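Understanding the architecture of this molecule
In case you want the letters, here they are:
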Amino acid sequence: MSADLICFESACRTRYPITEVIYNCPRCGGLLEVTGPEPSESAAGLKRIWRERRMSNAPLDQSGVWRYREMLPFLPDPADVITLREGNTPLLDAPFAARYGGLQRLTFKHQGFNPTGSFKDNGMTCGATQARRLGMKRVACVSTGNTSASMAAYASAGGLQPIIFIPHGNISYGKLAQALEYGAKTFQVEANFDQILKLVRVLAEELGIYLLNSINPFRIEGQKTILVEMMDQLDWNPPDWIVVPGGNLGNVSAFGKALREMVQLGLISRIPRLAVIQAAGSAPFHEFMQHPSRDSFRPVEHPETLATAIKIGDPVSWPKAWQEVVASSGIVEKVTEQEIADAKAAVGLCGIGCEPASAATLAGIRKLTGAGAIEGTSNVVAVLTGNVLKDPDYIYKYHTGQLTGPEGTPLLGAFGNQPIVVCNDPQKIATMLV
Ligand SMILES: *Cc1c(COP(=O)(O)O)cnc(C)c1O
């Protein structure tokens, strides 16, 4: 069996050559996935090889994505790989967050330790590599967020030109700043997100530009390794729950695929349950999962949340996410802006920190343990998707009591930590420190 692109829809399952430049199934419009030959090594053999590679200085072995390349069987020539040594993110024990979340113990897998500060790097190393393998010279995406930051870095690192399209007036400065610094040609278009996506598809086709939006199946392949690395770090003992925020739903799709493949290969013995947490003002998948059926998915017209990385009304990967939540006996929950803000500060008080979207995980855990859906004795790993420095404006406002929700409602900082203005007087300051 060779590596192929295959339509995700069970009624279609048409195969296409891995080198075809397509983003949806040309026959039925379905999502695509990557499929390839199973590794010839045994599970024990793979585990040993992957451990041994941690001692190697070879770039591919040092990458926390390509170290697990037997799980990414689509690339014939390693010379095409563009790597910034992504992955290699830690598992961190967080006792304070555990108590806050109603658990005896909680572990964070912190994807914010990646080269550009989010899990997008795990996927982008594969997407950008596929672009180079296809002989593309330019890559593009529509995003104001972590996707642009990551794509810009990987394209420039690999000698490709990054091109970013953003809606006019809707900019997240921290992340856009990264994209500009990494050399992305950036177009601000007078149109909304969906219109720009159409425009970019036309341009991509005409000019031979490779698209690296969420829908790209090679990015999903790279994101699988977040869980392979997690299981490696847990000595292949799966936790009871893995908790992840949901926006476009690519990450949960990747996690589910990784878990199924790892069970298939005998790397782990069972599939942990997936919990997907959405922001209440941007929760079409939560709504859908109340009564799921093939044609009942309704996008949210005007998604609202300060957690901009999950402010997505029409997530492209919902059919895959649906399959994976069901396959893992998972659950989908939504949380308010206030719950996200306080959970984020609680992650900060562990000395860990994350961006707002990531904190939806802890807010969701607190809600789910409160409702009895997750037991307090469960073994839980929450995936923190982005770095604390992605959104400093949010943090400063939270701690100084100036944060307001999308509708202008004040968000009270339960863990607020205001700087104190003092005069240059050691005695006065000392009295404030007793
Ligand atoms: C992209 C992103 C998400 C959402 O992930 P999806 O795969 O779109 O569900 C969550 N958090 C951060 C920090 C992100 O960058």
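Structure shown above.
Since we're looking at a predicted model, the values are computed, not measured.

What to know about the pattern of salt bridges
Applying the stated criterion to the full structure yields 21 salt bridges. Residues Glu 221 and Lys 224 are paired through a salt bridge, measuring 2.7 Å at the closest nitrogen-oxygen approach. Highlighted residues: Glu 221 and Lys 224, both in helix H8 (residues 217–233), separated by three residues, approximately one helical turn. Each member of the pair, Glu 221 together with Lys 224, is buried. Here Arg 270 and Asp 240 are joined by a salt bridge, their closest N and O atoms 3.9 Å apart. Within this pair, whereas Arg 270 is found in the loop between helix H9 (250–264) and strand E11 (273–279), its partner Asp 240 is found in the loop between H8 and strand E10 (241–245), the two being separated by 30 residues in sequence. The exposure class assigned to Arg 270 is partly exposed, which follows from its relative accessible area of 36%.

So, the packing of helix H4 (residues 120–133) against H8
Where H4 contacts H8, the axes come no closer than 7 Å and their chain directions differ by 140°. Taken together, the axes of H4 and H8 are oblique relative to one another. In the packing of H4 onto H8, the handedness of the crossing is right-handed. Note on element contacts: H8 touches H4 through Phe 218, Arg 219, Gly 222, Gln 223, Thr 225 and Ile 226, opposite Lys 120, Asn 122, Gly 123, Met 124, Cys 126, Gly 127 and Gln 130. Partitioning the contact of H4 with H8 into residue classes produces four nonpolar, seven polar and two charged.

Some words on a nonpolar patch on the surface
Side chains of Ile 420, Val 422, Ile 429, Met 432 and Leu 433 sit close together on the surface and give an oily, nonpolar patch of about 500 Å² of accessible area. The topology assignment puts Met 432 in helix H15 (residues 426–432).

Let's talk about the sheet that holds strand E2 (residues 15–17)
Within the open sheet, the three strands sit side by side as E2-E1-E3. Their pairing is antiparallel. Taken across any chain shown, the strands that pair with only one partner, and hence form the sheet edges, are E2 and strand E3 (32–35). Sheet twist, expressed as the average angle between the axes of neighbouring strands with direction ignored, equals 35°. Bridging between strand E1 (residues 4–7) and E3 involves four bridges; their strand directions are antiparallel. Along E3, the bridge assignment pairs Leu 5 with Val 34.

Some words on the environment of Gly 159
Locating Gly 159 in the fold gives a position in the loop between helix H5 (146–157) and strand E7 (161–167). Spatially, the C-alpha atoms of Gly 159 and Lys 137 are 7.9 Å apart, while their sequence positions differ by 22 residues.

What about the state of the cysteines?
Enumeration according to the criterion identifies zero disulfides in this entry. Unpaired in this structure, Cys 28 has its nearest cysteine sulfur neighbour in Cys 7, at a distance of 3.5 Å. Exposure remark for Cys 28: the relative accessible area of 42% places this residue in the partly exposed category. In this structure Cys 126 is a free cysteine whose sulfur lies 16 Å from that of Cys 141, the closest cysteine sulfur available. Taking relative accessible area as the criterion, Cys 126 reaches 0% and is therefore assigned buried.

A closer look at the site of the ligand
Lining the immediate surroundings of the ligand are 15 residues, of which Lys 120, Asn 146, Gly 247, Asn 248 and Thr 385 lie closest. The backbone of Asn 251 places a nitrogen or oxygen atom 2.8 Å from an oxygen atom of the ligand. Thr 385 is positioned with one of its side-chain polar atoms (N or O) 2.8 Å from a nitrogen atom of the ligand. Starting from 390 Å² of accessible surface for the ligand in isolation, the protein chains cover 95%. Of the residues contributing to the shell around the ligand, the split by class is five nonpolar, eight polar and two charged.

Quick notes on helix H1 (residues 43–53)
Those residues of H1 not exposed but buried are Ala 43, Gly 45, Leu 46, Ile 49, Trp 50 and Arg 53. Projected down its long axis, H1 shows its buried positions confined to an angular sector of 160°, all on one face. Facing away from the buried side of H1, by more than 90 degrees, are the exposed residues Ala 44 and Arg 48. Buried positions along H1 lie against helix H2 (59–62) and H8.

Remarks on unusual backbone geometry
Although it is not a glycine, Asn 88 sits at a positive phi angle of roughly 55°. Backbone geometry places Ser 329, a non-glycine residue, at a positive phi of 50°. Position of Ser 329 relative to the elements: it lies in the loop between helix H11 (318–327) and strand E12 (331–335). Classification of Ser 329 by relative accessible area gives partly exposed; the value is 45%.

Brief notes about H4
Taking 1.5 Å of rise per residue, the 14 residues of H4 would be expected to cover 20 Å, and the 20 Å separating its terminal C-alpha atoms lies within 8% of that figure. Counting buried positions along H4 gives 13 out of 14 residues, so the element sits mostly inside the fold. Among the residues trailing H4, Gly 135 stands out with phi positive, at a value near 80°.

Thresholds, definitions, all that
- Residues numbered from 1 in each chain as written.
- Predicted model: local features only at pLDDT ≥ 70, side-chain atom pairs only at ≥ 80, totals over all residues.
- Heavy atoms only, no water.
- Salt bridge = Lys/Arg side-chain N within 4 Å of Asp/Glu carboxyl O.
- Helix = DSSP H or I, 4+ residues; strand = E, 2+ residues; numbered from the N terminus.
- Buried < 20%, exposed > 50% of the residue type's maximum accessible area, 1.4 Å probe, protein only.
- Axes fitted to C-alpha atoms, helices over the stretch in contact; angles between N-to-C directions.
- Parallel < 35°, antiparallel > 145°, perpendicular 65-115°, else oblique.
- Left-handed = near helix turned anticlockwise from the far one by under 90°.
- Contact = heavy atoms within 4.5 Å.
- Nonpolar A, V, L, I, M, F, W, Y, C, P; charged D, E, K, R; others polar.
- Patch = residues over 30% accessible without salt bridge, like charges linked within 9 Å, V, L, I, M, F, W, Y side chains within 5 Å.
- Areas by Shrake-Rupley, 256 points an atom, 1.4 Å probe, with all protein chains shown as cover.
- Pairing = 2+ DSSP bridges.
- Disulfide = S-S within 2.5 Å.
- Near = heavy atom within 4 Å.
- Polar contact = N/O pair within 3.5 Å; in protein donor to acceptor, adjacent residues only side chain to side chain.
- Arc of directions from axis to C-beta.
- Expected span 1.5 Å × (residues − 1).

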